[in-house]
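Spelled out from the first residue to the last, the chains are:
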Amino acid sequence: MTTKEKGYVREDGRKNNELRSPIKAEVGIIPNADGSAMFQIGKTIALAAVYGPKKMHPQHSQDPEKGTLRCTYNMNSFSVEERIRPGPSRRSTEISKITEWALEPVLMLDKFPNMVVDVHINIIQADAGTRCAGINAAAMALAHAGIPMKDMVSSISVGKIDKTLVLDLDKYEDSEFKDGEGSTDIPVSITHAGEITHLQLDGKISKEQLMEVIEMAKEACGKIYEIQKKALKEAIK
Ligand code: ADP
């Protein structure tokens, strides 16, 4: 519900800068993979499985300077209420690419010339924020696979509904308000050191508010990082 005078009130009772709950993370969930992880936030659940590094085929795709990160994002047909058509789509191709860009800056791929690291991300339950959940799961799975990393990556989305910034939209907020005039949804991925590796923005926002978005995302990613770290530590135990 929105009223210009009272500001935006969230239907699930969350504060504007509050993450969904529960947030759950687990590592090592797929025994056959070289690394794997699950990340859940609210009703959104992402699974990631890493295979490799392995020789890149076909040979002409090999990069003699460094290894290649190849991410495949897939939203399972049963992940939403209305079953979606299985197989690749423009959306999944775009999100796969974005996931690679979000993660590549922390990976030491120069250690694996001519090789490929495959990351398969499956969204088994979708309630908005799936690309961020996928990135969170993939970052943990890469660390679990022992791929050398300079840092961890955590990801969250900040929405702008009318003029109000709200953290971590759920599907209701996303579909109800996102396409309204002046509304937008801004996924951001950030390393623990504070470097932004990914930011998407397809609406209008002032420079001041964008800085506020980044601050909100940084604070939230700090909390997500702690959950990712705890899950990885538990796997080592
Ligand atoms: P994200 O999941 O990263 O927020 P979008 O903004 O594209 O990405 O999607 C928002 C939400 O809308 C998804 O998480 C999912 O719940 C829903 N959704 C996306 N695409 C479809 C689709 N083809 N059919 C049904 N629901 C969809």
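Use the structure listed above.
Right, let's walk through the structure included here. Computed from a predicted model, the values in this text were never measured in an experiment.

### Here we look at the sheet that holds strand β7 (residues 115-125)
Okay, so step 1: Strand order in the open sheet formed by five strands is β3-β4-β5-β7-β6, with mixed pairing between adjacent strands. Of all the strands in the sheet, the pair left with one neighbour each is β3 (23-27) and β6 (68-75). Geometrically, the sheet is characterised by an average inter-axis angle of 15° between neighbouring strands, direction not taken into account.
Okay, so step 2: For strand β4 (residues 35-41) and strand β5 (residues 44-55), the ladder comprises seven bridges, and the chain directions are antiparallel. Its bridge partner lying in β5, serine 36 is registered against alanine 49.
Okay, so step 3: The strands touched by helix α2 (residues 130-144) are β3, β4, β5, β6 and β7; relative to β4, the strand with the most contacts, the crossing angle is about 150°.
Okay, so step 4: Along the sheet face, helix α4 (residues 207-236) touches β3 and β4 and points at about 30° away from the line of β3.

### Considerations on the site of the ligand
Okay, so step 1: Around the ligand sit 13 residues in total, of which Arg91, Ala128, Gly129, Thr130 and Arg131 are the nearest.
Okay, so step 2: Alanine 128 places a polar main-chain atom, nitrogen or oxygen, 2.8 Å from an oxygen atom of the ligand.
Okay, so step 3: Within the backbone of glycine 129, one N or O atom sits 2.9 Å away from an oxygen atom of the ligand.
Okay, so step 4: Protein contact buries 75% of the 530 Å² of open area that the ligand shows by itself.
Okay, so step 5: Taken together, the elements giving at least two residues each to the shell around the ligand come down to α2 and α3 (171-177).

### Considerations on unusual backbone geometry
As a rule of thumb, non-glycine residues mostly have phi less than zero, and peptide bonds are mostly trans rather than cis.
Okay, so step 1: The omega torsion of the bond from serine 21 to proline 22 falls at 0°, within 30 degrees of zero and hence cis.
Okay, so step 2: Within the secondary structure, proline 22 is located in the loop between β2 (7-8) and β3.
Okay, so step 3: The residue after glycine 52, namely proline 53, is reached through a cis peptide bond having omega 10°.
Okay, so step 4: Summarising the element assignment, proline 53 is placed in strand β5.
Okay, so step 5: If you check the backbone angles, asparagine 114 has positive phi at about 65° while not being a glycine.
Okay, so step 6: Relative to the elements of secondary structure, asparagine 114 occurs in the loop between α1 (90-103) and β7.
Okay, so step 7: Phi angles above zero are rare outside glycine, and aspartate 168 is one such case at about 60°.
Okay, so step 8: On the basis of relative accessibility, which here comes to 2%, the residue aspartate 168 falls in the buried class.

### Observations concerning α1
Okay, so step 1: Its 14 residues give α1 an end-to-end C-alpha distance of 20 Å, which sits within 8% of 20 Å, the value for a rise of 1.5 Å per residue.
Okay, so step 2: Buried residues in α1 make contact with β6, β7, α2, β8 (153-161), β10 (184-191) and β11 (196-199).

### Brief notes about the sheet that holds β10
Okay, so step 1: Read across the sheet, four strands follow the order β9-β8-β10-β11 without closing on themselves; strand pairing throughout is antiparallel. Lying at the two open borders of the sheet, with one neighbouring strand each, are β9 (164-167) and β11. The mean inter-strand angle of the sheet, taken between neighbouring strand axes irrespective of direction, is 25°.
Okay, so step 2: In this sheet, β11 lies alongside β10 in antiparallel orientation, the contact comprising three bridges. Its bridge partner lying in β11, valine 188 is registered against leucine 199.
Okay, so step 3: Sheet strands in contact with α1 are β8, β10 and β11, and its direction is about 160° off that of β11.
Okay, so step 4: Most of the contacts of α2 go to β8, to which it runs at about 170°, and overall it touches β8, β10 and β11.

Parameters and conventions
- Residues numbered from 1 in each chain as written.
- Predicted model: local features only at pLDDT ≥ 70, side-chain atom pairs only at ≥ 80, totals over all residues.
- Heavy atoms only, no water.
- Pairing = 2+ DSSP bridges.
- Helix = DSSP H or I, 4+ residues; strand = E, 2+ residues; numbered from the N terminus.
- Axes fitted to C-alpha atoms, helices over the stretch in contact; angles between N-to-C directions.
- Contact = heavy atoms within 4.5 Å.
- Near = heavy atom within 4 Å.
- Polar contact = N/O pair within 3.5 Å; in protein donor to acceptor, adjacent residues only side chain to side chain.
- Areas by Shrake-Rupley, 256 points an atom, 1.4 Å probe, with all protein chains shown as cover.
- Buried < 20%, exposed > 50% of the residue type's maximum accessible area, 1.4 Å probe, protein only.
- Expected span 1.5 Å × (residues − 1).

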